[in-house]
Amino acid sequence: MSAGKCVPLEMLTAIAVVLLLGGASSSTAEKPQVDAEKTSALEKLGENVTQGSLRAVRQNGEMVECPLRHTDVQADVSGFIARVKVTQTFYNPTDERIEAVYVFPLPHEAAVDDMTMIVGDRKIVGLIKRRAEARQVYEEALAAGQTAALLEQERPNIFTQSVGNLDPGQEVNIEIRYVDVLNYDKGTYEFHFPMVVGPRFIPGAPVGQPQATPPELQGKVSPPVPDTTRVPDASRISPPVLKPGFRNGHDISLSLRLEAGVPVRDLKVVNHEATVEREGKTRARVKLSPDDSIPNKDFVLRYYVVGEKPEMAVLSHTGEYTDTKRLGHGYFMLMVQPKEDERLTKSPPREIVFLLDVSGSMSGQPTEKVKEAMREMLKLCREVDTLQVITFAGQTRQLFDKPVPVNRENIAEALNFTQQIRGSGGTHMLEGVKRAIDQPIDSQRVRIVIMLTDGYIGNEAEIIEHVGKQCGDQVRFWAIGIGSSPNMFLIDGVARQGGGMGKRLALDETAAGLAEEVISRIQRAQLAKIRIDWGGLDVAETYPAKIPELWAGRPVILFGRYRGGGTAEITLRGVVEGESAQWPFEVKFPESQPGHDVLAKVWARRKIEDLMQQTYYAGSPAVEEEVTAIALDYRLMSQYTSFVAVDADEAEKLDRQPQAQPPRRMLVPVPLPEGTRWEGFFGPVGETLGESVDLAFGAVKREAKAADRLSGLGLAADGRAGARWGMPGRMGNEMSGMGMGMGGMGGGALGGGVVAGKPMAAGRPAMLIPYAPAPTNGPS
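About the thresholds
Residues numbered from 1 in each chain as written. Predicted model: local features only at pLDDT ≥ 70, side-chain atom pairs only at ≥ 80, totals over all residues. Heavy atoms only, no water. Phe/Tyr/Trp six-rings, centres within 6.5 Å; stacked < 30°, edge-to-face > 60°. Lys NZ or Arg CZ within 6 Å of the ring centre and 35° of its normal. Axes fitted to C-alpha atoms, helices over the stretch in contact; angles between N-to-C directions. Helix = DSSP H or I, 4+ residues; strand = E, 2+ residues; numbered from the N terminus. Parallel < 35°, antiparallel > 145°, perpendicular 65-115°, else oblique. Left-handed = near helix turned anticlockwise from the far one by under 90°. Contact = heavy atoms within 4.5 Å. pLDDT = per-residue confidence, 0-100. Salt bridge = Lys/Arg side-chain N within 4 Å of Asp/Glu carboxyl O. Buried < 20%, exposed > 50% of the residue type's maximum accessible area, 1.4 Å probe, protein only. Pairing = 2+ DSSP bridges.

### Points about the packing of aromatic side chains
- Per the stated rule, a full pass over the model turns up 19 aromatic pairs.
- Taken together, the ring pairs in this structure connect Phe-80, Tyr-184, Tyr-189 and Tyr-303 into an aromatic cluster.
- The ring of Tyr-91 has Arg-69 sitting right over it, with the charged end atom 4.3 Å from the ring centre.

### Side note on the packing of helix 5 (residues 365–380) against helix 10 (residues 511–522)
- Helix 10 packs onto helix 5 with a crossing angle of 40° between their chain directions and a minimal axis gap of 9 Å. The orientation of helix 5 relative to helix 10 falls into the category oblique. The two elements helix 5 and helix 10 meet at a crossing, and its hand is right-handed. Within the contact between the two elements, helix 5 uses Glu-372, Ala-373, Glu-376, Met-377 and Leu-380 and helix 10 uses Ala-511, Ala-512, Ala-515, Glu-516 and Ile-519.

### Focus: the confidence of the model for the chain
- Summary statistics for the chain give a mean pLDDT of 81 and a share of 77% for residues scoring 70 or more.
- When the criterion is pLDDT under 50, residues 1–59 qualifies, and its contacts beyond four places in sequence or with other chains add up to 88 contacts.
- Here residues 687–780 is modelled with pLDDT under 50, and outside its nearest four sequence neighbours on either side it reaches 280 contacts, counting other chains as well.

### Some thoughts on the pattern of salt bridges
- Here the structure, examined in full by the defined rule, presents 57 salt bridges.
- A salt bridge links Glu-99 to Arg-665; the nearest nitrogen and oxygen atoms lie 4.0 Å apart. Of the two residues, Glu-99 is situated in strand 4 (residues 98–105) and Arg-665 in strand 34 (residues 664–667); the sequence distance between them amounts to 566 residues.
- A relative accessible area of 38% places Arg-665 in the partly exposed class.
- Linking Glu-679 and Arg-677 is a salt bridge whose minimum nitrogen-to-oxygen distance equals 4.0 Å.
- We classify Glu-679 as buried; its relative accessible area is 5%.
- Classification of Arg-677 as partly exposed rests on a relative accessible area of 22%.
- Several salt bridges converge on common partners, so that one network encompasses Arg-131, Arg-135, Glu-139, Glu-152, Glu-154 and Arg-236.

### Here we look at the sheet that holds strand 31 (residues 566–576)
- Spatially, the 3 strands line up as an open sheet ordered 28-31-32, and their pairing is antiparallel. Each edge of the sheet is formed by a strand with only one pairing partner; in this case those strands are strand 28 (527–533) and strand 32 (579–589). Averaged over all adjacent pairs, the angle separating strand axes in this sheet is 20°, with direction ignored.
- Across 11 bridges, strand 31 lies against strand 32 in antiparallel orientation. Residue pairing in the sheet places Ala-568 in a bridge with Val-587 of strand 32.

Next comes the structure, spelled out in structure tokens:
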């Protein structure tokens, strides 16, 4: 069914009944079988695909034509620093020129500082330019018939790689390099490499029409996503997602070389099968298994450092980026971790607010993991604490009228409430965050909000901004990323702005360890309002500018610049539960240190991150210009700078006339994150119901406000939004999931609504269907 046709009311009613009864189950939906003819075709295509991808295709479904053949990741880890090279192999499988477009993730704190395009035996080093200028160079190269590549940043953790004018059968490699700082906590290091952009829930009214799905992907991927008033770049962060039963032949390999410098133990790979080879006490090699090569989950390596943990560590660099314009000739990373004393062992009473994402993207395994985590954390709550549980999806609900004492009865009620949740509806996270933060504060307690979510939303800036503005001395915000590929940019962003910590809980990990770590920390006093007296050292521009709270076992890590070097006693000062505290440390900054040159890039990336936190939502021309200048100076990717490479090997290409038509644009479809369900994002998969729902109601689904979205229909299911699509209802907010956007009980109608740009038949009264949460949040 085309997107421009209306669907009869009888069909809508049938769809609503199916959806309210639970829709299709991913466990029962049959996957298409590959017949002999398709198998033969796959074998022919297999000549151009890696062994891992062939294995995956034959086991997991029908091949979808894809211009991305393989991704290879090579990481060198030394101490805190990881140097990573990502090689993407693009290939034109068609008989016409193409432009390949791939939306993919990288770590959200990484400093991306290089892109190289390899065409045959030629290497073309990418140039860093202002974003608009780089796009212009790329478009002009395409018009001139030249092979070109453009790397753009959409979010700190989402990038778009475009490779244009690939000839039939041509292969082009794109090498991307970045520097990252490993997460360090309680003696454990964590290396993280994301592999897939999960579908995002996109709030707001559509702006314009979404781009049409390319012919080769129709019926095989999720519907296109339009930009909206609240997420103006929604289309750029929403790659097409493969339906169950389809594979694109793209696989991934990863190898990591570790030189820790100190003895390590307990090396553990989360999510993936991998081999670990030890090379002495301090070194190891890790390699992803070819049997686990589908890029649908994050690669996470954790390892523990043996021995006594130092109270302080310093890395420094001089010799690059040392002119006076940059106000310093040295860069440093400082880690301090004061030994605990009685001030930090206090155990004050807390108000603990659990904020649970119960939207459609969490359905299935992620919701079960949330239930497990809640069981473990509720066991550890103390009688001196108070308790509240809030859920958010299309609506926000809270269990208790106000925070209640932690006792056997209230714990039992919270456990019972938690066990009843299931993932369904839209991810209206901002409303849940507001409910958790903005309620009246108990002056005798610090409120600790613990949010459990996959973070699959497109309006991260709104959430981070609100948490940063509203969390103060009495509110701390923790966030736990649930699943195989959570949005860690959101998780770490809200935790940093809220004075808490960001953690992850994978689907194959037990929740008990994380629960003990989180609850034991929030029940201990923390060091707040941290500042450092540099004792006469000439130090400038340290980041993060606002030093995070110091929770039990967590170090303070700063990046900054210095002049001249020298040795001095610095003092770490802060406040512990209203009482001043301080710790002295001796620091030495060398006048000359040519090593650790990546610190300059890391410092610049941290400054950009700090500046962007000021302007993610509101925007600021001054901040944009400052970020652009830093990124150009240090050759870094940013929201406002891009890498572009053009193959100008043949000089006459510069004088070519514009091509008669641009190359055919081919999008790289991506798999669903492992452990998630198609129905949770997009509704039933069925060819009749699913296609009709996805195509005919996509626009309405995104336009509906303040309501759950029914699977595929996406029509407003609550009275407030029902007024937009029909007659206003009276009790709509309590009737989420009633069906078909009919408004509230006793009121509302389909009349007056618009589906895919055409008016619907007017005037039928709303159906009175008992409350049931809607089974999906629609395309995210």
